[in-house]
Amino acid sequence: MEPQTILFAIIAAIIGLVVGFLIRKNLAEAKIATAEVEADKIIEEAKKQAESKKREAILESKEEVLKFRNEIEREYKERRNELQRLERRLLQKEESLDRKIEANEKKEESLQRKDAELEDTKNKINEVMKKQLAELERVSGLTSEEARHILMEDIEKEIQHDIALMIKEKEQQAKEEGEKRARDIISQAIQRSAADHVAETTVAVVPLPNDEMKGRIIGREGRNIRSFETLTGIDLIIDDTPEAVILSGFDPIRRETARIALERLISDGRIHPARIEEMVEKARKDVEVQIREAGEQATFETGVHGLHPELVRLLGRLKFRTSYGQNVLKHSVEVCHLAGIMAAEMGIDVKIAKRAGLLHDIGKAVDHEVEGPHVQIGVGLCQRYKENPAIIHAVAAHHGDEEAQTIEAVLVQASDAVSAARPGARRETLESYIKRLQKLEEIANTFEGVEKSFAIQAGREIRIMVKPEKIDDLGAVRMARDITKRIENELDYPGQIKATIIRETRVVEYAK
């Protein structure tokens, strides 16, 4: 290519660039001018809108200010009216207070005048009283102190009399109510529980098929009877009683073992020392089974569960124990039922009352083998076999050896007395019965003012005739209480003893 052509092309390109630049510049300037015009228009329009909104805002502000001012004025008027009402009320109250103060001032002046008049009257009355007192002292010959002393003595005697009458009345009322409630509870318990009573002694009679059997029981040179007595610990009495022999022994379990063994020997017919030893051993096992069954039956019958097996066995031993002819196991079962019924009536713990009632005489099961009273033995047994402290306390207190601290213990005491005092429950020797009656009358006769005394109703009541000139009505009340205390402290007796004081005044005149 030629240089001119190249140069021409370069120049043409340069010219084209310059022309294009100028064109673009003009176009850009034109757009800028247009944009500036548009911008001016927008700014002008915005100014107009801002001015319009400003005027609107000013108008709204004026309206709000006017509205707020109206509300302030209305509230001001309301408060001003309220203040005016309060001011009127205060003025009215002030006027009312002024009137009351004026009235009170008048009342105070009137009271002051009355006080002055009362003081004058009081002074006049005191002067009159002094004159009358002086005149009374002159007429009676007593000073005021002496008269006051006499009057106080009379008042004191009268008050003591009234107090004694009131105490007597309240005691009688409480006694009647308490006796009625206790009688209802005990009578219900007795009616609902009545145990059988078996009177046993320290001997047992075994019938024989014929009198020839006596010789076989004795054996050659008495070896059979000696062997029998040695093995059982029971005396075998063979006398002239036809077709019968007697077993005598204090231990009831040994006596029962001997009875069973002897009956089996008689039935078997083979009587010799070896056979006797065999039968006695079998009888011991049978009696032990009876003991266990009797204990289990007693717990089942009374509903007392959870006893230690040894206590159950000891209960069974009571089946063969008697006290004053009363079977101790039946007595314990009855006491259990009575205590439970009375506890239910009174709303206290029935389980504790029944358990304590069943175990209260448990010491009698081993009192032939252990030294000491059955109460202490029973307490020791209950402690050994981890009985409840409430049960142990009831056992310890059922004969009054210690004071009853719980209602259950008191119920066991009452149930024990009721069971023992039931007619036919116990036997008592004639000698001890007569001694008790004599002692009752002796206790009553030791009191001053007693004329005669009589023990009646099989020793369950003592009637005392007193001298009316020495014992008044209140003294009779005190004497009855003192006599019952002496009886409680000095006598042992089943049930309770009633003391009746009889005071009779007779006036005799003769018409001539």
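Cut-offs applied
Residues numbered from 1 in each chain as written. Predicted model: local features only at pLDDT ≥ 70, side-chain atom pairs only at ≥ 80, totals over all residues. Heavy atoms only, no water. Helix = DSSP H or I, 4+ residues; strand = E, 2+ residues; numbered from the N terminus. Buried < 20%, exposed > 50% of the residue type's maximum accessible area, 1.4 Å probe, protein only. Areas by Shrake-Rupley, 256 points an atom, 1.4 Å probe, with all protein chains shown as cover. pLDDT = per-residue confidence, 0-100. Contact = heavy atoms within 4.5 Å. Expected span 1.5 Å × (residues − 1). Salt bridge = Lys/Arg side-chain N within 4 Å of Asp/Glu carboxyl O. Core = buried A, V, L, I, M, F, W, Y, C linked by side-chain atoms within 4.5 Å. Axes fitted to C-alpha atoms, helices over the stretch in contact; angles between N-to-C directions. Parallel < 35°, antiparallel > 145°, perpendicular 65-115°, else oblique. Nonpolar A, V, L, I, M, F, W, Y, C, P; charged D, E, K, R; others polar. Pairing = 2+ DSSP bridges. Patch = residues over 30% accessible without salt bridge, like charges linked within 9 Å, V, L, I, M, F, W, Y side chains within 5 Å. Lys, Arg positive; Asp, Glu negative; His and termini not counted. Charge placed at Lys NZ, Arg CZ, Asp CG, Glu CD. Polar contact = N/O pair within 3.5 Å; in protein donor to acceptor, adjacent residues only side chain to side chain.

### What about the overall build of the chain?
No. 1: Secondary structure assignment for the chain yields 14 helices and eight strands.
No. 2: Among the 512 residues that make up the chain, the fraction classed as buried is 29%.
No. 3: Element-wise, carbon and sulfur atoms account for 54% of the exposed surface of the chain, whose accessible area totals about 35,100 Å².

### Points about the confidence of the model for the chain
No. 1: Looking at the chain as a whole, its pLDDT mean stands at 81, while 90% of the residues score no less than 70.
No. 2: Low pLDDT, under 50, characterises residues 194-200; the predicted model gives this stretch 21 contacts beyond four residues in sequence or across chains.

### A closer look at helix α5 (residues 252-268)
Because the α-helix completes a turn every 3.6 residues, residues three or four places apart line up on one side.
No. 1: With 17 residues, α5 should reach 24 Å at 1.5 Å per residue; the first-to-last C-alpha distance of 24 Å fits that figure.
No. 2: By the burial criterion, the buried members of α5 are Pro252, Ile253, Arg255, Glu256, Thr257, Ala258, Ile260, Ala261, Leu262, Leu265 and Ile266.
No. 3: At the exit of α5 stands Gly269, carrying a positive phi of roughly 90 degrees.

### Side note on the pattern of salt bridges
No. 1: A full pass over the atoms with the stated rule returns 18 salt bridges.
No. 2: Here Glu263 makes a salt bridge to Arg259, at a shortest N to O gap of 2.9 Å. Residue Glu263 and its partner Arg259 are both found in helix α5; the two are separated by four residues, about one turn of the helix.
No. 3: Given a relative accessible area of 34%, Glu263 falls into the partly exposed group.

### Some words on the nonpolar core
No. 1: Counting 32 residues, the largest nonpolar core has Leu307, Leu314, Leu315, Leu358, Leu359, Ile362 and Leu381 as its most contacted members.
No. 2: Broken down by secondary-structure element, the contributors of at least two residues to this core are α6 (273-302), α7 (309-317), α8 (328-346), α9 (350-359), α10 (374-384), α11 (389-397) and α12 (407-421).
No. 3: For this core, the leading source of residues is α11, giving five residues.
No. 4: Those residues in contact with Leu314, other than ones at most four positions away along the chain, are Ile362, Ala365, Val366 and Leu381.
No. 5: Formed by 26 residues, the second largest nonpolar core is a distinct cluster that contains Ala204, Val206, Ile266 and Ile276.

### Considering the packing of α6 against α7
No. 1: Where α6 contacts α7, the two axes come as close as 7 Å, and the packing angle between them is 105 degrees. Classed by the angle they form, the pair α6 and α7 counts as roughly perpendicular. Where α6 approaches α7, its residues Glu288, Ile291, Arg292, Ala294, Gly295, Glu296 and Thr299 are matched on the opposing element by Val312, Arg313, Leu315, Gly316 and Arg317.
No. 2: Grouping the constituent residues of the contact of α6 with α7 by class yields four nonpolar, three polar and five charged.

### Observations regarding the pairing of strand β7 (residues 461-466)
No. 1: Across six bridges, the pairing between strand β6 (residues 450-456) and β7 is antiparallel. Residue pairing across strands places Phe454 opposite Arg463, the latter belonging to β7.
No. 2: Relative to strand β8 (residues 498-503), β7 runs parallel, the two sharing six bridges. Looking at β8, one finds that Ile464 is bridged to Ile501.

### Details of the sheet that holds β7
No. 1: Strand order across the open sheet formed by three strands is β6-β7-β8, with mixed pairing between neighbours. Bordering the open sheet on either side are β6 and β8, each of which pairs with just one other strand. On average, each strand axis in the sheet is inclined to that of its neighbour by 20 degrees, with strand direction left out of account.
No. 2: The sheet contacts of helix α14 (residues 473-490) involve β6, β7 and β8, and relative to β8 the element is tilted by about 155 degrees.

### A look at a negative patch on the surface
No. 1: A surface patch of negative charge is lined by Glu94, Glu95, Asp98, Glu102, Glu105, Glu108 and Glu109.
No. 2: Within the secondary structure, Glu105 sits in helix α1 (residues 3-140).

### Brief notes about unusual backbone geometry
No. 1: Located in the positive-phi region is Glu221, a residue other than glycine, with phi close to 55 degrees.
No. 2: Along the chain, Glu221 turns up in the loop between α3 (212-218) and α4 (223-232).
No. 3: Note on Glu221: relative accessible area 72%, which makes it exposed.
No. 4: For Lys386, which is not glycine, the phi torsion reads 60 degrees and is therefore positive.
No. 5: As for its position among the elements, Lys386 is in the loop between α10 and α11.

### A look at the side chain of Arg355
No. 1: Tracing the sequence through the fold places Arg355 in helix α9.
No. 2: At a separation of 3.3 Å, a polar atom in the side chain of Arg355 contacts the main-chain carbonyl oxygen of Gly306.
No. 3: Here Arg355 is in contact with Val304, His305, Gly306, Leu307, Glu387 and Ile391, once residues within four sequence places are set aside.

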